[in-house]
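# Structural characterization, general
Now for the letters of each chain:
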Amino acid sequence: MNHNHWKIMLQELFLTLLSLIHLPPPVLCFSRGSPTSACAGNMVPRHGYDPQTGAAPVEIVLDQQAISHKEYLRVTIRSSQAFKGFLVKAVDILHFDKKSSPIGSWYIPYLNESGSGSASAQYLHCGGVQAAVTHSGVTTSMYVISLQWRPPDHYHGVVNIMATIVRDYAAYWAGVQSSQVQVGRTEGRGDTDISDTLPGDIL
């Protein structure tokens with residue numbers, strides 16, 4: 001093997017190494033769900049893109065507007081467009097700010113049953129056990145997610161269900177909200193009236 005052949009091989013090796021050095025870093029798209037750090041604040045994914053500013057093609061449907069702290073609230077996320085990822089939590093709107101932690105706990109119906117759409121969801125234990133729910137990566141196209149949420153024991157106040165919906169890596173909607181839900185403390189046959197604990201413009 002002559003000197004020129006070795007020279008050509010070394011040049012090719014150098015160019016190969018140079019191209020590898022200049023490759024873009026790997027992108028972490030959290031295809032298996034949001035990290036626990038995403039529970040806090042505005043729930044914006046770390047994708048490097050701004051959220052969509054138009055109306056979200058999704059709604060958060062609740063089966064009740066008032067529950068006791070011992071009841072489950074059925075929460076359904078419905079979208080007119082297929083989405084690949086989501087993050088949902090409940091917040092106390094009287095104390096909500098950018099550092100607000102999720103409140104209460106979630107339940108995913110039929111999670112362990114094969115063929116169930118609930119296999120698309122998994123729990124996030126951020127600030128508490130089952131404090132939020134995110135996608136699992138099992139299903140890449142979702143239109144409906146059915147969940148249940150329960151308030152903390154002895155809690156009373158007003159909550160919103162908050163969600164981030166990801167259509168694809170560059171397109172997502174953050175801050176999607178449900179209607180308000182009043183949570184009362186059960187006493188005897190009924191719930192306490194929490195109106196005296198809330199500002200007038202909340203009710």
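In this report, we go over the structure that sits alongside the text. Note that the structure is a prediction, hence the values are computed from the model and not measured. All residue numbers refer to positions counted from 1 along the written sequence of the respective chain. Thresholds applied to this predicted model are a pLDDT of at least 70 for local features of residues and 80 or more for the giving and counting of side-chain atom pairs; totals over whole chains, interfaces and linings are not thresholded and use all residues. Calculation of side-chain values draws on the structure's entire complement of heavy atoms; hydrogens and water are dropped beforehand.

### Considerations on the nonpolar core
For our purposes a nonpolar core is just a set of buried Ala, Val, Leu, Ile, Met, Phe, Trp, Tyr and Cys residues, chained together by side-chain atoms within 4.5 Å. Relative accessibility thresholds used throughout: buried, under 20% of the residue-type maximum; exposed, over 50%; partly exposed, between the two (1.4 Å probe, protein chains only). Ranked by internal contacts, the top residues of the largest apolar core, which has 30 residues, are Phe86, Val88, Trp106, Val133, Trp149 and Ile161. In DSSP terms, a helix is any run of H or I states spanning at least four residues, a strand is any run of E spanning at least two, and both are numbered starting from the N terminus. Counting only elements with at least two residues in this core, the list comes to strand E1 (58-62), strand E3 (73-83), strand E4 (85-92), strand E6 (121-124), strand E8 (142-150), strand E9 (157-166), strand E10 (172-177) and strand E11 (181-184). With near-sequence residues (within four places) excluded, Val88 lies in contact with Met43, Ile77, Trp106, Ala132, Val133, Leu147, Ile161, Met162 and Ala163. Core analysis: the next-biggest nonpolar cluster, separate from the first, contains eight residues, Leu87, Val91, Leu124 and Ala131 among them. By definition in these notes, contact holds between two residues if any of their heavy atoms fall within 4.5 Å.

### Considerations on the sheet that holds E8
A strand pair is defined by DSSP finding two or more bridges across the two strands. In spatial order, the strands read E1-E3-E8-E5; together these four strands make up an open sheet with antiparallel pairing. Looking at which strands have only one partner, the edges of the open sheet turn out to be E1 and strand E5 (105-107). Across the sheet, the mean angle separating the axes of adjacent strands is 30° when strand polarity is ignored. Bridge analysis of E5 against E8 gives three bridges, and the strand direction is antiparallel. From the neighbouring strand, Ser105 faces E8, where its bridge partner is Arg150. Simply put, an axis is a line fit to the C-alpha atoms, just over the touching stretch for a helix, and the angle between two N-to-C directions goes from 0 to 180 degrees.

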